Amino acid sequence: MKFITLVNVAFRSLFLEASWNNKGQQNLGLAASIDPALKEIYNFSEEELKKARERALEFFNTNPISSGVVIGVIIKLEMEVAAGRISPPDRLRMAGSLSQTLASMGDSLFWQAWLPLCCLAAVWAVLSLKFWWTPLLLPVLFCLPAVPVRFFGLFLGYRRGVDVIDLLFRLKIQRLAQNIRKGVAVLVGVSTVILVSTKTALADGPSILSLWLTLGAVAATVITFRLLSLKIRQLGYWYPVIIVAFACTVMIVLDRWL
């Protein structure tokens, strides 16, 4: 596969969700993305090219950021089909399994872990720096890992094929996402206590009563959201205890230092 062809596919993949639909979801975007690669693979037969395009229009849905890996693997699988090493049904089956796996990994890492962390950092930047450009930190921080993963993931998927799954599992992405979510939960609890304290009597010298009232409000809020998000299971029941204890320690330390 020519390098320029893969680059063309990579840029086309940025519009993966531009034609999202209820029936095939991202299938039209996938078909448009890999069409240059299909033309190069099946340049010897218009009939085989037509069949490959029809396969690309089958149901497809995955995380947009991790889609580069899936698209790279699909191109590799189409080359295997053209060489007669696998059958078209096997290509569809493997691509479907891979897209579901990468959807779970991508959603867990980027939507549920990295994006909340970037939002928290951007909020504190806006409150602390007060420059007009500070809101731009949110897209910048989020895109720092997202853009390389999306582009270089395509080349990785094309190079390794279905073996890329073994590499992704060795990287322990799910555990990384879980650790980030834990850190975000603690930071959100601490941030909430600090921000609430600046709007109450705590700002003029915290009393024991006002301190515990603030911590109690934070704990009640966290537990309420936890009960409302049982299906998501992003937080364990013991997280509110850690958040409150950590926030209490931070406020006491800040009060003594400041």
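Residues numbered from 1 in each chain as written. Predicted model: local features only at pLDDT ≥ 70, side-chain atom pairs only at ≥ 80, totals over all residues. Heavy atoms only, no water.

Structural notes on the overall build of the protein
Now for step 1: If you tally the helices and strands in the protein, you get 10 helices and zero strands.
Now for step 2: Secondary structure elements of the protein, listed N to C terminal, follow the sequence α-α-α-α-α-α-α-α-α-α. (Helix = DSSP H or I, 4+ residues; strand = E, 2+ residues; numbered from the N terminus.)

Here we look at helix α5 (residues 88–129)
Now for step 1: Maximum bend of α5: about 35 degrees, positioned at Trp114, with proline Pro116 one to four residues after it.
Now for step 2: In the segment just after α5, Lys130 is the residue with positive phi, at about 60 degrees. (Bend = angle between axes of the 7 residues up to and from the residue.)

Comments concerning the pattern of salt bridges
Now for step 1: Under the definition given, this model contains six salt bridges.
Now for step 2: Linking Arg53 and Asp35 is a salt bridge whose minimum nitrogen-to-oxygen distance equals 2.8 Å. One end of the pair, Arg53, is in helix α3 (residues 46–56); the other, Asp35, is in helix α2 (residues 27–41), and 18 residues separate them in sequence.
Now for step 3: Relative accessible area serves as the criterion here: at 33%, Arg53 is assigned to the partly exposed category.
Now for step 4: Look at Asp35 and you get buried, because its relative accessible area is 13%.
Now for step 5: Residues Arg85 and Glu80 are paired through a salt bridge, measuring 2.8 Å at the closest nitrogen-oxygen approach.
Now for step 6: The exposure class of Arg85 is exposed, given its relative accessible area of 57%.
Now for step 7: Salt bridges linked by common partners bring Asp35, Lys39 and Arg53 together as one network. (Salt bridge = Lys/Arg side-chain N within 4 Å of Asp/Glu carboxyl O. Buried < 20%, exposed > 50% of the residue type's maximum accessible area, 1.4 Å probe, protein only.)

Here's the deal with the confidence of the model for the protein
Now for step 1: Across the protein, pLDDT averages 79, with 74% of residues at or above 70.
Now for step 2: Taken element by element, the protein is modelled with least confidence in helix α10 (residues 239–257), mean pLDDT 59, and with most confidence in α2, mean pLDDT 93. (pLDDT = per-residue confidence, 0-100.)

Let's talk about a nonpolar patch on the surface
Now for step 1: On the surface, Leu129, Phe131, Trp132, Trp133, Leu136, Val140 and Leu144 cluster together into a nonpolar patch covering about 780 Å² of accessible area.
Now for step 2: Looking at the secondary structure, you find Phe131 in the loop between α5 and α6 (137–160).
Now for step 3: Given a relative accessible area of 45%, Phe131 falls into the partly exposed group. (Patch = residues over 30% accessible without salt bridge, like charges linked within 9 Å, V, L, I, M, F, W, Y side chains within 5 Å. Areas by Shrake-Rupley, 256 points an atom, 1.4 Å probe, with all protein chains shown as cover.)

Details of the packing of helix α1 (residues 3–12) against α6
Now for step 1: Where α1 meets α6, the axes come as close as 10 Å, and the angle between the chain directions of the two elements is 130 degrees. Classified by the angle their axes make, α1 and α6 are oblique. Note on packing geometry: the crossing formed by α1 with α6 is right-handed. Residue-level inspection shows Phe3, Leu6, Val7, Val9, Ala10 and Phe11 of α1 in contact with α6, the latter providing Phe151, Leu154, Phe155 and Tyr158.
Now for step 2: The residue inventory of the contact of α1 with α6, partitioned by class, reads 10 nonpolar, no polar and no charged. (Axes fitted to C-alpha atoms, helices over the stretch in contact; angles between N-to-C directions. Parallel < 35°, antiparallel > 145°, perpendicular 65-115°, else oblique. Left-handed = near helix turned anticlockwise from the far one by under 90°. Contact = heavy atoms within 4.5 Å. Nonpolar A, V, L, I, M, F, W, Y, C, P; charged D, E, K, R; others polar.)

Here we look at α6
Now for step 1: Over its 24 residues, α6 extends 34 Å from the first C-alpha to the last, a length consistent with the 34 Å expected when each residue adds 1.5 Å.
Now for step 2: Taking the largest bend as the criterion, α6 deviates by roughly 45 degrees, centred on Cys143, and proline Pro145 comes between one and four positions later.
Now for step 3: Buried within α6 we find Phe142, Ala146, Arg150, Phe151, Gly153, Leu154, Gly157 and Tyr158.
Now for step 4: Of the residues trailing α6, Gly161 is marked for its positive phi of about 65 degrees. (Expected span 1.5 Å × (residues − 1).)

Notes on the environment of Leu167
Now for step 1: Mapped onto the elements, Leu167 comes out in helix α7 (residues 164–170).
Now for step 2: Excluding its chain neighbours within four sequence positions, the residues that come into contact with Leu167 are Leu156 and Arg160.

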